[in-house]
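Secondary and tertiary structure notes
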Amino acid sequence: MTIFRSARLKLTAWYLLIIMAVSLLFSGIVYRIMTQELRRGFGLQILRQMPHDIREEYLEKVREQAIPLPFRGLAVPVAIDEELFSEIRRRIAVNLGLVNLGILGLSGIASYFLAGRTLRPIEDMVDAQKRFIADASHEMRTPLTSIKSEIEVALRQKALTSRQARSVLRSNLEEVGKMQGFTDYLLTLSKYETGEISLPVEPVNLRTSVEEAVRRQRQHIRNRDITVNTQTPDVYVKANPESLTELVTILLDNAVKYSPEGSAVNIRISRGRSAARLEVKDRGQGIKASDVPYIFNRFYRADTSRSKHSADGYGLGLSIAKSIAGMYRGDIAVRSTPGKGSTFTVSLPV
Ligand SMILES: Nc1ncnc2c1ncn2[C@@H]1O[C@H](COP(=O)(O)OP(=O)(O)OP(=O)(O)O)[C@@H](O)[C@H]1O
Ligand SMILES: [Mg+2]
């Protein structure tokens, strides 16, 4: 993506600028120290080679000025070979320049690599958002197309009876209901995923969440003639009550939806040392091992061709459930055997 390429190049340039500024600053300091020390070394060497009496005379001058030799270089200038000295200085400058060129090259490569790594999570997030928008629009398109074509067909009829019109309206209403359900789902998802709304948290009895979820799913449970067995002692977790009810509702909805009519679903709550556990177990169609890693992804539906016919859905439920569990630093896991059933387990810290 071009926007990320240019952002990467810009970031590389910034990294490089900072590294080179530091490197040049240190090179300047090194250059200064080295030339000073060299001048001192040259001077001392000349001093050592002086005849004894001239040296004594020089040291006498130094003592008069009371400047300690080791700290002040040569207190009194000694004539050194300036030509040789400037040649050495030039060589030091050239060498430091070469070192800086090396640093420029190496840090250029390293910066480019680092900039890539810094931007990668953002790039992934943008990709995920794009996919999300594409999937969501696709889901909206299906009912919209059906509404549009039904209206078009109805309008083409010369004498539309009120019965026909009512039938079209009823069908349209159904599709509008689907779209409404879908947008509600999306809003729930964004509420829990972005964590922008800080929900009020209080001690919640998991038992109450289960009872409320069963109540909400009553019609669905009855339609599919499912028996729901609950084993729910009082276990409290710190959470937002509505979000926990939503979490249990999603798992119960799936258990009922993906089970054969007349089968049983068991819900069990237990309390471990550091976490509360909620288990929703069904004896339904189960999930293939190859699908398991993906079912918590947004819009993922296992074995779509089959389940699209047998059960409606958008593939959003479990991703919402996972976001809710994650909000409380909890976890959600699944064990499943195709043809035998699935058990979803949520653990929440107490
Ligand atoms: N209890 C279950 N038994 C078998 N398969 C399941 C079960 N729960 C989830 N799945 C599989 O995981 C997929 C994802 O589930 P999820 O709840 O996210 O979406 P959905 O049920 O398809 O749609 P919706 O958005 O309406 O919940 C389902 O399509 C289904 O294939
Ligand atoms: Mg679902």
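Predicted, not measured: the structure shown is a model, and the values here were computed from it. (Residues numbered from 1 in each chain as written. Chains lettered and ligands numbered in written order. Predicted model: local features only at pLDDT ≥ 70, side-chain atom pairs only at ≥ 80, totals over all residues. Heavy atoms only, no water.)

1. Here we look at the domain arrangement of the chain
Taken domain by domain, the chain holds domain 1 (2-128), domain 2 (129-194) and domain 3 (202-349). Facing the four residues of domain 1 at the interface are four residues of domain 2. Together domain 1 and domain 2 conceal approximately 350 Å² of surface at their shared face, both sides included; 41% is due to carbon and sulfur atoms. Considering only the side of domain 1, the residues that lose the most area to domain 2 are V126, D127 and A128, jointly responsible for 87% of the buried surface there. Between the two partners, domain 1 and domain 2, sit zero salt bridges. Along the contact surface separating domain 1 from domain 2 lie nine residue pairs in polar contact (both at pLDDT 80 or more). (Domains from an automatic or database assignment. Contact = heavy atoms within 4.5 Å. Buried area = accessible area lost by both parts, 1.4 Å probe. Salt bridge = Lys/Arg side-chain N within 4 Å of Asp/Glu carboxyl O. Polar contact = N/O pair within 3.5 Å; in protein donor to acceptor, adjacent residues only side chain to side chain.)

2. What to know about the site of ligand 1
With respect to spatial proximity, 20 residues lie near ligand 1, and among them N254, D282, R301, L316 and L318 are the closest. A distance of 2.6 Å separates an oxygen atom of ligand 1 from a polar atom in the side chain of R301. L318 is positioned with one of its backbone polar atoms (N or O) 2.8 Å from an oxygen atom of ligand 1. Contact with the protein chains hides 97% of the accessible area of ligand 1, taken as 590 Å² for the molecule alone. Considering only residue class, the shell around ligand 1 consists of eleven nonpolar, six polar and three charged. (Near = heavy atom within 4 Å. Areas by Shrake-Rupley, 256 points an atom, 1.4 Å probe, with all protein chains shown as cover. Nonpolar A, V, L, I, M, F, W, Y, C, P; charged D, E, K, R; others polar.)

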